[in-house]
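If you want the building blocks of each chain, they are given just below.
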Amino acid sequence: MSEMKKYQFWFCTGSQDLYGDECLAHVAAHSKEMVEGLNKSGVLPFEIVWKPTLITNELIRKTFNEANNDPDCAGVITWMHTFSPAKSWILGLQEFRKPLLHLHTQYNEEIPYATMDMDFMNENQAAHGDREYAHILSRMRIERKVVVGFWKDSEVQKKIASWMRTAIGIMESSHIRVCRVADNMRNVAVTEGDKVEAQLKFGWEIDAYPVNEIAEAVAAVSASDTNALVDEYYSKYDICLEGRDPEEFKKHVAVQAQIEIGFERFLKEKNYQAIVTHFGDLGALKQLPGLAIQRLMEKGYGFGAEGDWKVAAMVRLMKIMSAGMKDAKGSSMLEDYTYNLVKGKEGIIQAHMLEICPSISDGPIQIKCQPLSMGDREDPARLVFQSKTGAGIATSLIDLGNRFRLIIQDVECKKVEKPLPKLPTAINFWTPQPDFYTGTEAWLLAGGAHHTAFSYDITAEQMGDWAAAMGIEAVFIDKNTNIRDFKKDLMLGEVFYR
Ligand code: MN
């Protein structure tokens, strides 16, 4: 993810000149101290930049337009220290096009009981001024995030940090370019979708290439480059021959190394950050890209199997939103495969033929080489592992014909109860929230796909806020879901998103 920009967020404080210069000097000093404190907290993934206090229509408009035009600015944080008449904000807000956070905070934590006079009240009235400001945002139907609380509180800072990552997702969505090296699988419905509408709504560019064009890039990779990468694989992963001849095994692995290098060069040269493949349309490629795609996903590329470009873009989006996150646990494309329906142990094996991102792995990673049982190519080498435990989200972006719907499900990832010695693929295993039965019923009612974009690091709230910024429907399946209300959510979406 080295290509990620060093984004900044602007901190804009609202006030007015009714209370005199001394008050305005305090406002500026306080907001500077707050910006410095937030930057020093170590909680925020991006820097905040202090801006002079906004008190006039002209300056507000000018500042928002400067934010629009600054390529490093990923969003604006606004806060009304004193009362700031909200009509002054209309023109600026009308012209503002980037993510907006309304930080509803206050310079002081505690009421200064012994000393508080009317001057203090006038100077510190966010409780009052922020309501006036929020009113105009609501009147103007402006999508924004609201964070409430004392600015030194680490919980408040974590909420700002989380919103910053959502904002990066909103900003970077329009830079996602998906390379399709095959169409989606014949007869499959859920991997279809309106690519023009996807570009209008999300900014995604989704382009097709003949598979042999990328196969040529693979063939052009030298033996020495390929062998060097094979050596890296052999030093990094456990080799699991399972009775195969070591030299023959290594040749199969080398095919994937050559694909990894060739694909990455092709994607870099043509500026794509996500890719789809299709096991039934491989042209001159000797194997279905398995290990190669797994490694590319780990490097931050989005991927969707069987031509699933929506999942490819969503995986890329999750990689962007979690980039540089401390203790990140990973994100990947996954597919609902097989259930365990034993009472009390219900869950879903998540896997794919090959292409699961090793960022979600827990413990050692093996290279295996096994028949695919689909398609007509060599046995592909792949990375095999189990995934981490803990909470995650599974998302599915579907095209309902007249609109997109994002389904966001909270899941609890677990270890499988027993080893799976014969299964030659990486897996995850989870139980959907609120329980297997309700969670699965809701997913089916919403029309969720079998392919998902999954993350341990991104929250349902972040994905929902991203969807709101894109102007699409989002439905949540979580610990509070019950089927009767969930059906009402779907009905509401049917009416609202026409
Ligand atoms: Mn699939």
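What you see is a predicted model; the values in this text were computed from it and never measured.

Participant: Help me out: how do you make sense of unusual backbone geometry in this one?
Facilitator: Leaving glycine aside, a negative phi is the common case for residues, and trans is the common case for peptide bonds. Of the consecutive residues glutamine 433 and proline 434, the connecting peptide bond is found in the cis state with omega at -5 degrees. Secondary-structure assignment places proline 434 in the loop between strand S17 (428-432) and helix H13 (436-446). Non-glycine residue asparagine 187 carries a positive phi angle of around 70 degrees. Structurally, asparagine 187 can be placed in the loop between strand S6 (177-180) and helix H7 (195-202). Despite not being glycine, glutamate 306 shows a phi value in the positive range, around 50 degrees. Its place among the elements puts glutamate 306 in the loop between strand S10 (302-304) and helix H12 (309-321). Residue glutamate 306 is classed as buried on the basis of its relative accessible area, which comes to 9%.

Participant: I keep staring at the coordination of the manganese ion and nothing clicks. Help me out?
Facilitator: Octahedral metal centres with six donors ideally show angles of 90 or 180 degrees, and tetrahedral centres with four donors ideally show 109.5 degrees. Protein-derived coordination of the manganese ion comes from Glu306 (OE), Glu335 (OE), His352 (NE2) and His451 (NE2), at a distance range of 2.1 to 2.3 Å. When the donors of the manganese ion are listed by position in the chain, the intervening gaps give E-x28-E-x16-H-x98-H. Here glutamate 306, found in the loop between S10 and H12, pairs with histidine 352, found in the loop between strand S12 (347-351) and strand S13 (361-369); they are 46 residues apart in sequence, far enough to count as distant. When sorted by exposure, glutamate 306 lands in the same class as histidine 352, which is buried.

Participant: When you look at the pattern of salt bridges in this model, what are you seeing that I'm missing?
Facilitator: Should the charged atoms of two oppositely charged side chains come close, the side chains can pair. Tallied over the entire structure, the rule returns 25 salt bridges. A salt bridge links arginine 244 to glutamate 248; its shortest N-O distance comes to 3.2 Å. Among the ionic pairs, lysine 415 bridges to aspartate 362, the shortest N-O distance being 2.9 Å. One end of the pair, lysine 415, is in the loop between strand S16 (404-413) and S17; the other, aspartate 362, is in strand S13, with 53 residues separating them in the sequence. Overall, lysine 415 belongs to the partly exposed group, its relative accessible area being 37%.

Thresholds, definitions, all that
Residues numbered from 1 in each chain as written. Predicted model: local features only at pLDDT ≥ 70, side-chain atom pairs only at ≥ 80, totals over all residues. Heavy atoms only, no water. Helix = DSSP H or I, 4+ residues; strand = E, 2+ residues; numbered from the N terminus. Buried < 20%, exposed > 50% of the residue type's maximum accessible area, 1.4 Å probe, protein only. Donors = N, O, S within 2.8 Å, 3.2 Å for Na, K, Ca; no water. Salt bridge = Lys/Arg side-chain N within 4 Å of Asp/Glu carboxyl O.

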